[in-house]
Amino acid sequence: MRPPISDDDGRAENVAGRPRLLEAVRSRLRLKHYSLRTEQAYLYWIRRYIQANGRRHPRELDGVAVERFLSRLATRDNVAPSTQNQALAALLFLYREVLGLQLPWMEDVVRAKRTRRLPVVLSKGEVAVVLRHLAGRDWLMASLLYGSGLRLMECVRLRIKDVDLQRNEITVREGKGAKDRRTVLPASLREALRLQIETARVQHARDLDAGFGEVWLPHALAKKYPNAAKQLAWQYLFPATRRSKDPRDGRERRHHIDEKQLQRAVSSAAKGAGIDQPVTPHTFRHSFATHLLESGADIRTIQELLGHKDIATTQIYTHVLNRGAGGVLSPLDR
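All of the points below concern the structure found in this document. These numbers were taken from a predicted model, which means no experiment stands behind them.

1. A closer look at unusual backbone geometry
Of all residues except glycine, most have a negative phi; of all peptide bonds, most are trans.
Here is step 1: Here His33, not a glycine, exhibits a phi torsion of approximately 65°, which is positive.
Here is step 2: On the secondary structure map, His33 appears in the loop between helix 1 (20–31) and helix 2 (36–52).
Here is step 3: Despite not being glycine, Arg55 shows a phi value in the positive range, around 60°.
Here is step 4: Exposure remark for Arg55: the relative accessible area of 26% places this residue in the partly exposed category.

Structure representation (structure tokens):
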């Protein structure tokens, strides 16, 4: 086994069992308030890049090595364009933000082939059948995905204060692209949401009695509002069943539920409903947009509800309307 990479001369110099370079990357990511998922992804690609180059220190490598690594991802590993872009972003962060080096523009990178795929969309009847095969919290979360057009992580990260039962409104905080937005709260879910808030309140009271009850707060809010972390409003709407140690600071807190629970539940429900298409939680978001278009909703309104930056992203749903390809009537049906 080769020695770990250090950030100076390549010799083994660890801090708490981790290579100093990776610790420097981690510290810089947290200083800039990158999400934990981004941190994990960037560290993964940086480790893989180092291993692919014989565990040499990145400072000894140049833009050619980066080009070769990214091209190999496309030609040998057949990764998706988004995956290749993520790896590129991680390496650019390493060189620019941590090592203070500027890489030359890499024109010779073989780009992963971008394919345009139409999203899987369920009919209204299919959505109803899948939801009937879900129960309790899984049913409520899936209903929010379809009824509000939420992404999976937007749903599991909802805090109690983000749900406005009076105005039938949900506020999504730091969605994709770190943007906030508001979307519709289905009136038919208000009672179920009240019960869920009460469930979270009872769980929070137990945590407070046990000497816990703090929830993770983004950025510097914990310092700005010292008491907010223990307030009910900041607790997750869908809390985890048990407390866990926060990887950022090692403190024991109750986080939101693991998104994999809903992924498994939706997959099982789709099979139980006899639907052969691949159904994921994101399918409900696609169905939300398509069914709104079918009902005559303005595409700009749908763009805002979904949080799309570009209207072209929303327009893909015009191609999956239940009216045949391109919205034309088959001559056989005439």
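Don't stop here, the text continues.
2. Brief notes about the environment of Lys176
Here is step 1: As for its position among the elements, Lys176 is in the loop between strand 4 (169–172) and strand 5 (181–184).
Here is step 2: For Lys176 and Gly307, which are 131 residues apart along the polypeptide, the C-alpha to C-alpha distance reads 7.8 Å.
Here is step 3: Excluding anything up to four places from it in sequence, Lys176 contacts Arg151 and Glu154.

3. With respect to the packing of aromatic side chains
Here is step 1: A complete count under the given rule lists 7 aromatic pairs for this structure.
Here is step 2: For the ring pair Tyr34 and Phe93, a centre distance of 5.3 Å and an interplane angle of 70° mean the geometry is edge-to-face. You can see Tyr34 sitting in the loop between helix 1 and helix 2 and its partner Phe93 sitting in helix 4 (residues 81–98), a full 59 residues away along the chain.
Here is step 3: Ring centres of Trp45 and Phe69 lie 6.4 Å apart, and the angle between their planes is 75°; on these two criteria the pair is classed as edge-to-face. Of this pair, Trp45 sits in helix 2 while Phe69 sits in helix 3 (residues 63–75), and the two are 24 residues apart along the sequence. In this structure, Trp45 and Phe69 share a single accessibility class: buried.
Here is step 4: An aromatic cluster of at least three residues, connected via ring pairs, comprises Tyr44, Trp45, Tyr49, Phe69 and Tyr95.
Here is step 5: The cationic tip of Lys161 hangs over the ring face of Trp234; the distance from NZ or CZ to the ring centre is 4.4 Å.

4. Things to note about helix 8 (residues 190–209)
Here is step 1: Between its first and last C-alpha, helix 8 extends 29 Å over 20 residues, near the 28 Å set by a 1.5 Å rise per residue.
Here is step 2: Residues of helix 8 that are buried include every one of Leu193, Gln196, Ile197, Ala200, Gln203, His204 and Asp207, and no others. One face of helix 8 carries all of its buried residues, which in axial projection span an arc of 125°. Exposed and facing more than 90 degrees away from the buried side of helix 8 are Leu195, Arg206 and Asp209.
Here is step 3: Looking at the buried side of helix 8, the elements it contacts are helix 6 (136–148) and strand 3 (163–164).
Here is step 4: Looking one or two residues past helix 8, Gly211 carries a phi angle of roughly 90°, positive in sign.

5. What to know about the pattern of salt bridges
Here is step 1: Tallied over the entire structure, the rule returns 23 salt bridges.
Here is step 2: In this structure, Arg28 engages Glu97 in a salt bridge whose closest nitrogen and oxygen atoms are separated by 3.5 Å. Pair noted here: Arg28 is in helix 1 and Glu97 is in helix 4, with a separation of 69 residues, a long-range link.
Here is step 3: Note on Arg28: relative accessible area 29%, which makes it partly exposed.

6. Describing the nonpolar core
Here is step 1: Within the largest apolar cluster, 37 residues are counted, with the highest numbers of intra-cluster contacts made by Leu144, Leu193, Leu237, Phe238 and Phe284.
Here is step 2: For this core, the elements supplying multiple residues, two or more each, are helix 5 (124–132), helix 6, helix 7 (152–156), strand 4, helix 8 and helix 10 (259–272).
Here is step 3: Excluding residues within four positions of it along the chain, Leu144 makes contact with Gly149, Leu150, Cys155, Leu158, Ile170, Leu189, Leu193 and Phe238.
Here is step 4: Ranked by size, the runner-up nonpolar core spans 27 residues in total, among them Val25, Leu29, Tyr42 and Tyr49.

The rules behind these values
- Residues numbered from 1 in each chain as written.
- Predicted model: local features only at pLDDT ≥ 70, side-chain atom pairs only at ≥ 80, totals over all residues.
- Heavy atoms only, no water.
- Helix = DSSP H or I, 4+ residues; strand = E, 2+ residues; numbered from the N terminus.
- Buried < 20%, exposed > 50% of the residue type's maximum accessible area, 1.4 Å probe, protein only.
- Contact = heavy atoms within 4.5 Å.
- Phe/Tyr/Trp six-rings, centres within 6.5 Å; stacked < 30°, edge-to-face > 60°.
- Lys NZ or Arg CZ within 6 Å of the ring centre and 35° of its normal.
- Expected span 1.5 Å × (residues − 1).
- Arc of directions from axis to C-beta.
- Salt bridge = Lys/Arg side-chain N within 4 Å of Asp/Glu carboxyl O.
- Core = buried A, V, L, I, M, F, W, Y, C linked by side-chain atoms within 4.5 Å.

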